[in-house]
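# Fold and contact review
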Amino acid sequence: MSDSAAHLSITELQRDYRSGKRTPVEALTDVIEAIEKKDPGVGAYLSLESGIALRDAENADVTLPLGGIPIAVKDLINVKGQDCSCASKFLQSAYTSTYDATVISRLRKAGAIPLGRTNMDEFAMGSSTENSGIKLARNPWDADRIPGGSSGGSAIAVANDTAIAALGSDTGGSIRQPASFCGSVGLKPTYGRVSRFGLVAFASSLDQIGPMTKTSEDAALLLSIMSGSDPLDSTSLSDAVPDYLNELNGEIKGLRIGLPVEYFTHGIDPGVRQCVEDAVSHLEKLGAEVIEVSLPHTEYAIATYYIIATAEASANLARFDGVRYGNRAPDPNDIIDHYRRTRAAGFGDEVKRRIILGTYVLSSGYNDAYYVRAQKVRTLIRQDFTAAFEQADVLVSPTAPTPAFKIGEKSGDPLQMYLADIFTIAANLAGICGASTPCGLVESDSGTQLPVGLQVLGPPLGEGTVLKVTDAFEKTTNWHRRPC
Ligand code: GLN
């Protein structure tokens, strides 16, 4: 293997900077070369800001916590001066951010360099990146398969060594599930841990920005910098931000791991089940204590999510009216004609489906039957987790019931696609944190190797414990560094 910096993690690259082995300009050049060579085959990036990034790299201060570290950014997080399309035709080439999201200003202050925009499902609605309005994305392990979604581009770039690290967003699994399908590490923080200011909203009570990285160490490092209260996001939490790196001491002896019985019933691919069972035995060997727990309202999670998420989306997407943002249909007859044709041309099928569904569940006469009832079930789901975390420190499950599926396999059947989120969605409804880390490979029917993700869920603000578990697992298995 060449000595390109592109395959390094953040901590490895920092070591090279500090020892003088590489400079930020050299490292960035390596990453850009890797993107030029490998990205056309997988479609992880929507755009690159090589010029500005190289200028930033020339002036980088490598003594800062993230000095000279290039970061790929999911295309729904505002970076001042860069196009932000949310992979939607509505905004494509028609919207340039006028400000930095809070996460971006925090990362910049720590010395990081935003390098490019990553592909995603349009407005983060999807589980495969097939809903991108801009281009198809492919799994780096098997080009006939999807990378997962909605943060598919960020997951691909990290796994394919065309990014050192990336940002994603997770409303119902969009960081953890693509991380699992591509073999990278992804963390969804507790709701409110990371400011959402500057994240284009999908479902505001569920959305969180989080790190997608090669190691849990890197996730810990990024999270310490990204987290904290923000006057620009009233839902951000004011709890002190620990140095998450310090918590990775490998000490999981006596830690109680709960296996939710409802998650291990049926419908799990046998290869995935085997990998997860092996991972659980491994954690047991490291000293953890494994117990069964129950999350009795699991079967309602998907229905509840698709009512609440679509209701919020229908309201959030009302701002896309073609007046203040984005592309507009030409020559309208009147204002209604303008809205109708602009929104019909700008949004893809899945986004329209969600706006219609969300408007329906909020409409007078149906609001109580759907939206209000879903909010009540959401409370029950949250209480399930509160009870489970009285018995266990973390919960462990597969991140997704199957490995990456084939392009086109589920895109004609939205319900099948929604079911792929069965293990990730409840964490967003409950507001808790969770991570996915690679725990094995299964062989597909076409003979390719496909990564499997282990999901570790923690209680509110339990990121330190979650990352301690995934880090201890990574350091004693190394599944996370298998080249694709
Ligand atoms: N796949 C889920 C959905 O389609 C979750 C998406 C997300 O987390 N952004 O809504």
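Let us look at the structure shown here. Computed from a predicted structure; not experimentally measured.

Once that is clear, we can look at the pairing of strand 4 (residues 165-170). Taking burial as the measure, the six residues of strand 4 include six buried ones, the bulk of the element. Of the two faces of strand 4, the one holding Ala-165, Leu-167 and Ser-169 and the one holding Ala-166, Gly-168 and Asp-170 are both buried throughout. The pairing of strand 2 (residues 70-74) with strand 4 spans three bridges and is parallel. What sits directly across from Ile-71, in strand 4, is Ala-165.

A few words on the site of the ligand. Close contacts around the ligand come from 15 residues, with Thr-171, Gly-172, Ser-174, Tyr-305 and Arg-354 the closest. Taking Tyr-306, its side chain carries an N or O atom lying 3.3 Å from an oxygen atom of the ligand. Residue Arg-354 places a side-chain N or O atom 2.8 Å away from an oxygen atom belonging to the ligand. Surface burial for the ligand is 100%, taken as the share of its 290 Å² of free accessible area covered by protein chains. When grouped by side-chain class, the residues that make up the shell around the ligand number five nonpolar, seven polar and three charged.

To continue, consider a nonpolar patch on the surface. Together, Val-323, Ile-335, Ile-336 and Tyr-339 line one region of the surface with nonpolar side chains, adding up to about 350 Å² of accessible area. You can see Ile-336 is positioned in helix 10 (residues 335-346). Ile-336 sits in the partly exposed class, given a relative accessible area of 47%.

To continue, consider the side chain of Thr-129. Inspection of the secondary structure puts Thr-129 in the loop between strand 3 (113-118) and helix 5 (152-159). Residue Thr-129 is classed as buried on the basis of its relative accessible area, which comes to 1%.

Moving on: the environment of Gly-250. Mapped onto the fold, Gly-250 is located in the loop between helix 7 (216-226) and strand 7 (256-260). On the basis of relative accessible area, Gly-250 is assigned to the partly exposed category, the value being 39%. Along the chain, Gly-250 and Val-469 lie 219 residues apart, while their C-alpha atoms are 7.5 Å from each other. Not counting residues within four places of it along the chain, the set of residues in contact with Gly-250 comprises Lys-468 and Ala-472.

Take the state of the cysteines next. This model, assessed by the stated rule, comprises zero disulfides. Looking at the unpaired Cys-84, the closest cysteine sulfur is the one in Cys-86, lying at 4.4 Å. Accessibility expressed as a relative area gives 1% for Cys-84, which makes it buried. A disulfide-free cysteine, Cys-433 has its sulfur positioned 18 Å from the sulfur of Cys-439, the nearest such atom.

Analysis parameters
Residues numbered from 1 in each chain as written. Predicted model: local features only at pLDDT ≥ 70, side-chain atom pairs only at ≥ 80, totals over all residues. Heavy atoms only, no water. Buried < 20%, exposed > 50% of the residue type's maximum accessible area, 1.4 Å probe, protein only. Helix = DSSP H or I, 4+ residues; strand = E, 2+ residues; numbered from the N terminus. Pairing = 2+ DSSP bridges. Near = heavy atom within 4 Å. Polar contact = N/O pair within 3.5 Å; in protein donor to acceptor, adjacent residues only side chain to side chain. Areas by Shrake-Rupley, 256 points an atom, 1.4 Å probe, with all protein chains shown as cover. Nonpolar A, V, L, I, M, F, W, Y, C, P; charged D, E, K, R; others polar. Patch = residues over 30% accessible without salt bridge, like charges linked within 9 Å, V, L, I, M, F, W, Y side chains within 5 Å. Salt bridge = Lys/Arg side-chain N within 4 Å of Asp/Glu carboxyl O. Contact = heavy atoms within 4.5 Å. Disulfide = S-S within 2.5 Å.

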